[in-house]
Amino acid sequence: LLLTSHNLYFHQTGDIIDVMTRERLENTGDKNVAMQDQKWKLNRLTDIHGRRYMLKAQALELFFADMQGLFVKFNGTKERDLFFSKLRAACKTPLLRASKSLNPRTVFKKSKLTELWRHRKISNFQYLMALNLMAGRTFNDITQYPVFPWIISDYTSETLDLTDHNIYRDLSKPVGALNEDRLAMLIERYNELDGFPEEERFLYGSHYSSPGVVLHYMLRQEPFTSMHIALQSGRFDCPDRLFFDVGGCWRSCLSSTSDVKELIPEFFTCPEIFLNTNRFPLGETQNKQPVDNVILPPWSNGSAHEFIRIQRLALESDYVSNNLHHWIDLIFGYKQRGPASSLAHNVFHYLSYEGSVDIDKITDEIQRKAIEGHIQNFGQTPSQLIAKEHPSRSRADDVFGLFSKSLGYDRLQCHTPSKQFGGHRSTEADGAVISLHAFGDTVFAIHSDLTFCSYKLYQTRGSTPFLLKTDKVRKMESNSSLPQASTGDKGDQAERLVGNWSFAMTNGGNYARTDDVGVAGGVDTNYYLLSCGYFDNCVKFHSVDSLLLYAKSNGGHRGQINCLHMGDDGTVAVTGGQDATCRVWTVDHDALSTAITDGYIQSGEVQCHDEFINCCHVLTGHSSPITCVTTSTKLDVVVSGSQDGSICLHNIRSGRFIRSLHVNAITREVKESSGQNGVAVRKLAIHLDGSFVAHLSDGSLHVITINGHHLSSASVGETLNSMTICSKSETLITGGKKGLAKMWSLHDLSLQCTVNVAKYGAITSLVLFHADTSAAAQFLCVGSDNGLLSIVFRSTDGK
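These figures come from a predicted structure and were not determined experimentally.

S.K.: How should the overall build of the protein chain be read in this particular structure?
M.R.: Check the secondary structure of the protein chain and you find 15 helices and 37 strands. Taking all 799 residues of the protein chain together, 57% fall into the buried category. Of the contacts made within the protein chain by residues no fewer than 6 positions apart, 57% connect residues no fewer than 24 positions apart. Accessible area of the protein chain: about 33700 Å², with a carbon and sulfur share of 48%.

S.K.: Whenever I open this one, the nonpolar core confuses me. Can you help?
M.R.: Within soluble globular proteins, side chains that are nonpolar generally end up buried alongside one another. Phe267 and Phe274 are the most contacted members of the largest nonpolar core, which has 76 residues in total. Tallying contributions element by element places helix H10 (residues 318-331) first for this core, with 7 residues. Other than its neighbours up to four places away in sequence, phenylalanine 267 contacts Tyr217, Phe243, Ile273, Phe274, Phe307, Ile308 and Gln311. In terms of nonpolar packing, the next biggest core, distinct from the first, is built from 19 residues, Cys453, Tyr455, Phe769 and Ile791 among them.

S.K.: I'm lost on the pairing of strand S33 (residues 740-745) in this one. Help?
M.R.: Every other side chain in a regular strand lies on the same face of the sheet, so the side chains alternate between the two faces. Where burial is concerned, most of S33 is hidden: 6 out of the 6 residues are buried. Taking every second residue as pointing to the same face, both faces of S33 are buried, with Leu740, Lys742 and Trp744 on one and Ala741, Met743 and Ser745 on the other. Relative to S33, strand S32 (residues 731-736) is paired through 4 bridges, and the arrangement is antiparallel. By the bridge assignment for S33, leucine 732 is matched with tryptophan 744. Turn length for the S32-S33 hairpin, with the two strands adjacent in sequence and antiparallel, is 3 residues, and the turn residue glycine 739 shows positive phi of about 75°. As paired strands, S33 and strand S34 (residues 751-756) are joined by 5 bridges and run antiparallel to one another. Opposite lysine 742, over in S34, you have threonine 754 as the bridge partner.

S.K.: Would you explain the side chain of threonine 627 in this entry?
M.R.: Tracing the chain through its elements places threonine 627 in strand S22 (residues 626-632). Exposure remark for threonine 627: the relative accessible area of 9% places this residue in the buried category. At 2.4 Å, the side chain of threonine 627 and the backbone oxygen of valine 681 are in polar contact.

S.K.: Is there a simple way to think about the sheet that holds strand S26 (residues 670-672) in this case?
M.R.: Hydrogen bonds between backbone atoms are what pair the strands of a sheet, whose relative direction is either parallel or antiparallel. The 5 strands are arranged S22-S23-S24-S25-S26 in an open sheet whose pairing can be described as antiparallel. Among the strands making up the open sheet, the edge pair consists of S22 and S26. Across the sheet, the mean angle separating the axes of adjacent strands is 25° when strand polarity is ignored.

S.K.: Sorry if this is basic, but what is going on with the pattern of salt bridges here?
M.R.: Pairs can form between side chains of opposite charge whenever their charged atoms are close. This model, assessed by the stated rule, comprises 26 salt bridges. Salt-bridge contacts for aspartate 636 lead to arginine 653; the nearest nitrogen and oxygen are separated by 3.0 Å. Placement of the pair is aspartate 636 in the loop between S22 and strand S23 (637-642) and arginine 653 in the loop between strand S24 (646-651) and strand S25 (657-663), with a sequence separation of 17 residues. Look at aspartate 636 and you get buried, because its relative accessible area is 4%.

What counts and what doesn't
- Residues numbered from 1 in each chain as written.
- Predicted model: local features only at pLDDT ≥ 70, side-chain atom pairs only at ≥ 80, totals over all residues.
- Heavy atoms only, no water.
- Helix = DSSP H or I, 4+ residues; strand = E, 2+ residues; numbered from the N terminus.
- Buried < 20%, exposed > 50% of the residue type's maximum accessible area, 1.4 Å probe, protein only.
- Contact = heavy atoms within 4.5 Å.
- Areas by Shrake-Rupley, 256 points an atom, 1.4 Å probe, with all protein chains shown as cover.
- Core = buried A, V, L, I, M, F, W, Y, C linked by side-chain atoms within 4.5 Å.
- Pairing = 2+ DSSP bridges.
- Polar contact = N/O pair within 3.5 Å; in protein donor to acceptor, adjacent residues only side chain to side chain.
- Axes fitted to C-alpha atoms, helices over the stretch in contact; angles between N-to-C directions.
- Salt bridge = Lys/Arg side-chain N within 4 Å of Asp/Glu carboxyl O.

Given below as structure tokens:
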């Protein structure tokens, strides 16, 4: 391993060791055996965490901007710490945001994540993933894989009521203590271990997380399939011992004295682990039952995607939110070790705990190999992050979203303030509200005459729980060469040039979100307006405060730029053009631009001469003009649609093509590849769960996963002008020519609620926001064809 000021290099000098069997694979020059020399650019390094290997703090995990991860084991803690200090002091790492400490407890304490979770700024899933990351769990080491709890205890009912506490597992107890009869047997065995030193006595001989557990669950997905086969001496395990029934697995965890396993993150994110899509020959059980797809509980309706959806809903339920801190105490907190662990019946084999043994000090070769084998195969307990009781989460009643099934939709109301810049009575702004943006307590509206208006929204008490005040109004510079938008029957060409797809807002590289719904720490004059659709085929950036041109670039598009979308971190934007390509841009972030820009751009094929905006990738895959694009920087995904119906998916940071899909115009099925008979794509919106919604020119809506699975479809009966997804719920909001704001359940596209603002004309734009940085209430701002804004809110009357 060679560290220079700009790069990290790896050159293989010895034999490769199989990660499962620990056997040495002799390096004979075979390309299938020998590792290629590898290089990592340090200007892409974003984070570093200290890691353990064989229960000793002697490893590092490095994370890069292009979503790569690297796990490095050193020859001891001193060598690791020296590498870390040299890396921080002498290397060019402009994106590195890591803590100066490698101690997990110190890193966790400085993160302030617990307060974010307590105040419901991050979800239960996000918090558990962060805890795993900081406690040393990693996807790059199967012996220390992230661990998640069993949530649901009912795997026999036809339906589940997620408000019923009886369907949930007791999160205050470890899995081994859930069955009192089994626990009594284990305690009796524990008391009989008189010949063992006190520190070596254990209640459970197995562990809740181990390589065997991970391979058990991930059997159907590579590379875990090959790892399972290697662990089983070249074949699949006995069919009766394979993972083939979720309910049966839960029952085993409740009854077997050697089975106390918890879950892994994929049980909440990855339906593919339950499907034998590779058609592996898994055999049949002694009861002559073929082992193929995993048998799912009745309430999932035979759908792995429905199972995952309900698992996520259950994980974010009120019951779990109110009790998850108990489970955190067991796995990452004060009940992990010491007297509190004994009282909680949470004592595992001593070789699963950090610091229990120092391998380097064992001189007996046989004993050392035996201990190494135990540590590698029988589970390791995460690093302890918290030494005192974990606080509980705030009540859901104190923090609620606009679209909440538990609160119902019957209390949604709509109010149109009388004093506005737009509307037929106003002379300050003319035409439809073609684009809406919200930051903090400020709403920005762009009208079709290119008037730029801002409003301040304050939360109040009363029947209308807010006050919308006019703030500023100004016109974009006259020489901007941006054609005014046309609505009505003046033709589609002008509509294609300018609309809500033509604008975005950001604070560039300085942009900082404090939660997932766009609540920022107030709005200042450093915001920028991005726009496209110009006659000179450029993307332009205007200062929000003055609307003066700040920067511009064409990024190499050959022809008109049809649409743009800003990523959720405010630093990456994507444009789609008439030339059937998309371009990935960085905004006011030179370090990120340098890190992710590919060789094609750097070679000079695409020239950007402005330091403020940089084109980093050219995304290909379409054969007709791009009509819409959406992005998620958290998922590292760009989804783009074109006139011939093709939907392409790419990675943002690497620019790598993932897949191409289309909805067949005849069969209405989603097909892989950009085949013929596709229906033109008008709108796209993406959800953080890995699904996206496509609105086609025939008026249909389709929910599709980024892996290409078609979940549901519906007809909206109109042409939509705007649609958005509420990131904290499974709600899709649409608005179109009929003037109806519709709320749809995302998983099945069932219509939940309709808000009628048709008297103001067609709905032309939508945006979700909060009234201020501390407010719990969420609002929906609706822009109409006559230039007025309407606010949809939840009434507090009778609360």
